[in-house]
Amino acid sequence: MTNQLHGTARALVAEGKGILAADESDGTIKKRFDTIGIESTEPNRRAYRDMLFTTPGIEDYISGVILFDETIRQSSLDGVPFPQLLVDRGIVPGIKVDIGAKPLALSDGETVTEGLDGLRGRLAEYRELGARFAKWRATYSIGEHRPSEYCVWTNAHALARYAALCQEAGIVPIVEPEVLQDGVHTIEQSSKATGRALQGVFTELHDQRVDLYGALLKPNMVLSGYDASDRAGVEEVARATLECFYRHVPAAVPGIVFLSGGQSDEDATAHLNAMNALGRHPWQLSFSYGRALQAPSLKAWGGDPANVEAGQRAFYHRAKMNGAARSGLYAPEMERQAASV
Ligand code: 13P
């Protein structure tokens, strides 16, 4: 079991590849569909995910896909269960298992992520359905006295309980502490908050006996707040993020798979690329993007079956750009070259 976990974790951060996060909950996918003016119905959600997962050639750049509870039970438009379709293409199916960030009792607006009750049974079922890795996301905000020690430790404890249950079930846990980058904070404040959250997480993972060689970390990058007036550039973000992770992430972790947060798709690619260009590093530095992989594709598709190919082209392009960023070989000119063909 142990070696299998290690093997799966390493496969998910194989050279040139990363993860597609397609695990939007019902509420989140509705928000995404609202932006293109289509209704979030079960057939529309299925058609959208079908478009993404059947894109020709993505297995060259996509190692795994995180699914939502509904999606792992759905089949492609050709009638193949989605997990099977992914496995047939050499892509590892994964599953989001938390049930969301909820108000943290007696706190001043901070959150704790829920979903531990009954998790052992749910993991066994998801494994039966084909999942070989899972995701649990905790969120923290930056502000005066934020994240609080209370928020840091309650979320760290829950993340580690989730991770231990995953490993017991033969599932690789992706541990996702996301320090939200909204607001006007400086990059130094982001680094401090991110480091604090990470330190809590790795302390709890250690205390709860989680095998780091069979787990992946999915963090935010260290950024100036999205509304800050003087925002750090690509090189500064890469250096600040690396410095923070060198201090707080053990080398036993096989890979750090960043989330994109509210970054533009091209920023997310450029930042990952700049970090890899400064390599080698103790861990693989990869992506587990939702919006930054999907946004152009969602727009090109627009809910119209006639646009499936256009949507797939857009998705393939972003996957390829991020694949290049895995080895520091991405350049913004590659965006324009692709656009002109
Ligand atoms: P974004 O890349 O859109 O932040 O999504 C990644 C994710 O899975 C958040 O939990």
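Everything quoted here is computed from the prediction, not taken from an experiment.

Participant: Would you take a moment to explain the site of the ligand for this structure?
Facilitator: The immediate surroundings of the ligand are formed by 13 residues, with Lys135, Lys218, Ser260, Gly290 and Arg291 found nearest. Note that an oxygen atom of the ligand is positioned 2.8 Å from one of the backbone N or O atoms of glycine 261. In the complex, the protein chains occlude 91% of the 300 Å² of accessible area that the ligand would expose alone. Mapping the ligand onto the cavity grids shows that it belongs to the largest pocket.

Participant: Can you walk me through unusual backbone geometry in this structure?
Facilitator: Here arginine 146 and proline 147 are connected by a cis peptide whose omega angle stands at -5°. Tracing the sequence through the fold places proline 147 in the loop between β6 (133-140) and α7 (149-168). Omega for the peptide link from glycine 279 to arginine 280 comes to 5°, which places this bond in the cis form. In this model, leucine 106 sits at a positive phi of 65°, which is unusual for a non-glycine residue. Mapped onto the elements, leucine 106 comes out in the loop between β4 (101-103) and β5 (111-113). Judged by relative accessible area, which is 88%, leucine 106 ranks as exposed. The backbone of histidine 145 shows a phi angle near 60°, a positive value even though the residue is not glycine.

Participant: Help me understand the packing of helix α9 (residues 234-248) against helix α10 (residues 265-277) in this model?
Facilitator: Geometry of a packed helix pair, given as the angle between the helix axes and the separation of the axes. Here α9 crosses α10 at 60°, and the two axes come no closer than 9 Å. Between α9 and α10, the angle falls in the class oblique. Considering how the two elements wind past one another, α9 and α10 form a crossing that is right-handed. Two secondary-structure elements touch here, α9 through Val234, Glu235, Val237, Ala238, Thr241 and Leu242 and α10 through Ala270, His271, Ala274 and Met275. Partitioning the contact of α9 with α10 into residue classes produces seven nonpolar, two polar and one charged.

Thresholds, definitions, all that
Residues numbered from 1 in each chain as written. Predicted model: local features only at pLDDT ≥ 70, side-chain atom pairs only at ≥ 80, totals over all residues. Heavy atoms only, no water. Near = heavy atom within 4 Å. Polar contact = N/O pair within 3.5 Å; in protein donor to acceptor, adjacent residues only side chain to side chain. Areas by Shrake-Rupley, 256 points an atom, 1.4 Å probe, with all protein chains shown as cover. 1 Å grid on protein atoms, 1.4 Å probe; cavity = no way out; pocket = protein on both sides within 12 Å on 5 of 7 lines; lining within 4 Å. Sits in = over half its atoms within 2 Å of the grid points. Helix = DSSP H or I, 4+ residues; strand = E, 2+ residues; numbered from the N terminus. Buried < 20%, exposed > 50% of the residue type's maximum accessible area, 1.4 Å probe, protein only. Axes fitted to C-alpha atoms, helices over the stretch in contact; angles between N-to-C directions. Parallel < 35°, antiparallel > 145°, perpendicular 65-115°, else oblique. Left-handed = near helix turned anticlockwise from the far one by under 90°. Contact = heavy atoms within 4.5 Å. Nonpolar A, V, L, I, M, F, W, Y, C, P; charged D, E, K, R; others polar.

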